[in-house]
Amino acid sequence: MSDRHISEHFETLAIHAGNTADPLTGAVVPPIYQVSTYKQDGVGGLRGGYEYSRSGNPTRTALEENLAALEGGRRGFAFASGLAAEDTLLRTLLSPGDHVVIPNDAYGGTFRLFAKVASRWGVEWSVADTSDPSAVRAAMTPRTKAVWVETPSNPLLGITDIAAVAQVAHAGGAKLVVDNTFATPYLQQPLALGADVVVHSLTKYMGGHSDVVGGALIVADEGLGEEIGFHQNSMGAVAGPFDSWLVLRGTKTLAVRMDRHSENATKVADMLSRHPRVSSVLYPGLPEHPGHEVAAKQMRAFGGMISFRVTDGEEAAVSVCDRTQIFTLGESLGGVESLIEHPGRMTHASVAGSLLEVPSDLVRLSVGIENADDLVEDLKQALDK
């Protein structure tokens, strides 16, 4: 619906890629095409290529073009959720008997998809510390078809050197999949570093307002894009037009929001690193973070996600979550409002007892765009009570 090459600058692309003015009215925002089917100009005569909204919808097309432009990819695909995108990708890349390397720190829903769903139709998986390329190499087998990476990871904020792991994956004949949800394409562009597929939960920073659920895949290779497009249509877990419109609205302000998220998170992380009731702070922007140098090399800034461990154990961590007043206790992340949660009992309960189990004294923050001083004071009072 527009030329994705209108500019080399992210902020301009975010606002204009996919966002062509409506040809009928001149509306500057793409309409919500709330429609299931389309009048054809004779049998097989598709007007604009549209026949049925599972296969294609103009509002979704606008979003998919926008996503491809922002990630520097050839094709973008929008889904009903991040997990719907992941499931479609697994069915595109894998067959029974194939093997995947997954990170030892990953979103609980991703782990559940591999451990409880994909494994039932014969997909095998191994866990590796993806921050160590040699560990990834050691975990690969002749049947490995994909290496799966989150960077920064959820919830321990681990950092993977995308370019280095891409070399390892490709040397073993595997695709590199990078979940870019925490960083967003504004802070990090995995395809430019050698990844084959980028995954997003659009629910998070891309939507940015805690009012939509969605997912995306973006690819560099047109052939792989054709395969994913076939599976997207065949499986049908597509983003609806209103959800696509909401995410498209969100991406327009992604750059300015991520700047503020990163700025606020830096101030919060600095306070937490000096607080006596915090035993460790996991934020790649801190010089002492083990992945700081790699993150500084491949990211524009360090994002809005922080995890920290408290000195007095699990119950103290839960109490901190209960005592905040500006930080809202809730799952998810990436909205303009700040959120706090206990991963072990909430978002990552599904990994309990596995190699991905998270520390029980861990607290995860999604630092919003409120006044940073207010956020710092809120956490101080929650820790000090």
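Our subject is the structure that appears above.
Each chain carries its own residue numbering, running from 1 in the direction its sequence is written. With the structure being a predicted model, the display of local features is reserved for residues of pLDDT at least 70 and the display and counting of side-chain atom pairs for 80 or more, all residues being used for whole-chain, interface and lining totals. Note that the side-chain values use all heavy atoms of the structure and ignore hydrogens as well as water.

Visitor: Would you mind going over the side chain of aspartate 98 with me for this structure?
Guide: Counting from the N terminus, the helices are DSSP H or I runs at least four residues long and the strands are E runs at least two residues long. Within the secondary structure, aspartate 98 sits in the loop between α3 (82–93) and β2 (99–103). Partly exposed residues are those whose accessible area sits between 20% and 50% of the maximum for their type, while under 20% is buried and over 50% is exposed, using a 1.4 Å probe and protein chains only. Judged by relative accessible area, aspartate 98 falls into the buried class, the value being 11%. Working rule for contacts: check all heavy atoms of both residues, and any pair within 4.5 Å makes them a contact. Setting aside anything within four residues of it in sequence, one finds aspartate 98 in contact with Leu93, Gly122, Val123, Glu124, Arg143 and Lys145.

Visitor: Just checking my understanding: could you explain the environment of serine 53 for this structure?
Guide: Relative to the elements of secondary structure, serine 53 occurs in the loop between α1 (10–16) and α2 (58–71). Sequence spacing of serine 53 and leucine 224 is 171 residues, and the spatial spacing of their C-alpha atoms is 22 Å. Identification of polar contacts relies on pairs of N or O atoms within 3.5 Å, with a donor-acceptor requirement for protein atoms, meaning one able to donate a hydrogen and the other able to accept it, and with residues adjacent in sequence counted only if both atoms are side-chain atoms. Looking at serine 53, its side chain comes within polar contact range of the side chain of asparagine 57, at 3.1 Å.

Visitor: Before we go on, may I ask you to explain the sheet that holds strand β11 (residues 339–341) in this structure?
Guide: Adjacent strands of a sheet form backbone hydrogen bonds with each other and so pair up, either parallel or antiparallel. Spatial ordering of the open sheet is given by β8-β9-β12-β11-β10, a layout of five strands whose pairing is mixed. Looking at which strands have only one partner, the edges of the open sheet turn out to be β8 (278–282) and β10 (328–329). Those strands touched by helix α10 (residues 254–273) are β8, β9 (305–310) and β12 (362–366), and its axis lies near 10° from that of β9. For helices, the fitted axis covers only the stretch in contact; all axes are lines through C-alpha atoms, and the angles between them, taken along N-to-C directions, range from 0 to 180 degrees. The strands that helix α12 (residues 314–323) touches are β9, β10, β11 and β12; relative to β9, the one it contacts most, it runs at about 130°. For two strands to count as paired, DSSP must find a minimum of two bridges between them.

Visitor: How do you make sense of the pairing of strand β3 (residues 124–128) when you look at a structure like this?
Guide: Side-chain positions along a regular strand alternate between the two faces of the sheet. Pairing geometry for β2 and β3, over five bridges, is parallel. Bridging across to β3, proline 103 finds its partner in alanine 128. Throughout, right-handed denotes a crossover for which the path from the first strand over the helix to the second runs clockwise when the strands point away from the viewer. Regarding the hand of the β-α-β motif, the stretch spanning β2, helix α4 (residues 108–117) and β3 is right-handed.

Visitor: What is the right way to look at the pairing of β9 in this model?
Guide: Burial within β9 is extensive, with five of its six residues counted as buried. When β8 meets β9, the two strands line up antiparallel, connected through four bridges. Bridge assignment links valine 281 to a residue of β9, and that residue is phenylalanine 308. Both β9 and β12 contribute to a ladder of five bridges, which runs antiparallel. Following the sheet pairing, arginine 309 is matched in β12 by leucine 362.

Visitor: Can you walk me through the packing of α2 against helix α9 (residues 241–252) in this structure?
Guide: A pair of packed helices can be characterised by two numbers: the angle between their axes and the separation between those axes. Their axes nearest at 8 Å, the elements α2 and α9 cross at an angle of 35°. Note on packing geometry: the crossing formed by α2 with α9 is left-handed. Touching Thr59, Arg60, Ala62, Leu63, Asn66 and Leu70 of α2 are Pro241, Ser244, Trp245, Val247, Leu248 and Thr251, all from α9. Residue polarity is assigned by list, with Asp, Glu, Lys and Arg as charged and Ala, Val, Leu, Ile, Met, Phe, Trp, Tyr, Cys and Pro as nonpolar; anything else, Gly included, falls into the polar class. Here the contact of α2 with α9 is built from residues that sort into seven nonpolar, four polar and one charged. Definitions for this section: a left-handed crossing has its near helix turned counterclockwise from the far helix by less than a right angle. A right-handed crossing has that turn clockwise.

Visitor: Sorry if this is basic, but what is going on with the pattern of salt bridges here?
Guide: Opposite charge on two side chains permits pairing when their charged atoms draw close. By definition here, a salt bridge exists when the distance from a side-chain nitrogen of Lys or Arg to a carboxyl oxygen of Asp or Glu is within 4 Å. Using the criterion set out here, one finds 17 salt bridges in the structure. Put simply, glutamate 64 and arginine 60 hold a salt bridge, and the shortest N to O gap is 3.3 Å. With glutamate 64 and arginine 60 both in helix α2, this residue pair falls four residues apart, about one helical turn. Both residues of the pair, glutamate 64 and arginine 60, belong to the buried class. In this structure, aspartate 211 engages arginine 249 in a salt bridge whose closest nitrogen and oxygen atoms are separated by 2.8 Å. Taken together, the residues span a long stretch of sequence, with aspartate 211 in the loop between β6 (197–201) and β7 (215–219) and arginine 249 in helix α9 at a distance of 38 residues. By relative accessible area, arginine 249 is classed as partly exposed at 32%. Within this structure, Arg74, Arg75, Glu222 and Glu226 form a network of salt bridges that share partners.

Visitor: For this particular structure, what's the right way to read the packing of aromatic side chains?
Guide: The relation between two aromatic rings is expressed through the spacing of the ring centres and the mutual angle of the planes. Side-chain rings of Phe, Tyr and Trp, where Trp is taken by its six-membered ring, are said to pair if the distance between their centres is within 6.5 Å; with planes under 30 degrees apart they count as stacked, over 60 as edge-to-face, and otherwise as tilted. Counted according to the given criterion, the structure contains five aromatic pairs. Relative to tyrosine 50, the ring of tyrosine 38 has its centre 5.6 Å away and its plane inclined at 35°; by these criteria the two rings are tilted. Placement of the pair is tyrosine 38 in the loop between α1 and α2 and tyrosine 50 in the loop between α1 and α2, with a sequence separation of twelve residues. On the basis of relative accessible area, tyrosine 38 is assigned to the buried category, the value being 17%. Take tyrosine 50: its relative accessible area is 15%, and that puts it in the buried class. Consider the rings of phenylalanine 111 and tryptophan 125, whose centres lie 5.5 Å apart with planes at 80°: the pair is edge-to-face. Of this pair, phenylalanine 111 sits in helix α4 while tryptophan 125 is found in strand β3, placing the two residues 14 residues apart along the sequence. Overall, tryptophan 125 belongs to the partly exposed group, its relative accessible area being 28%.

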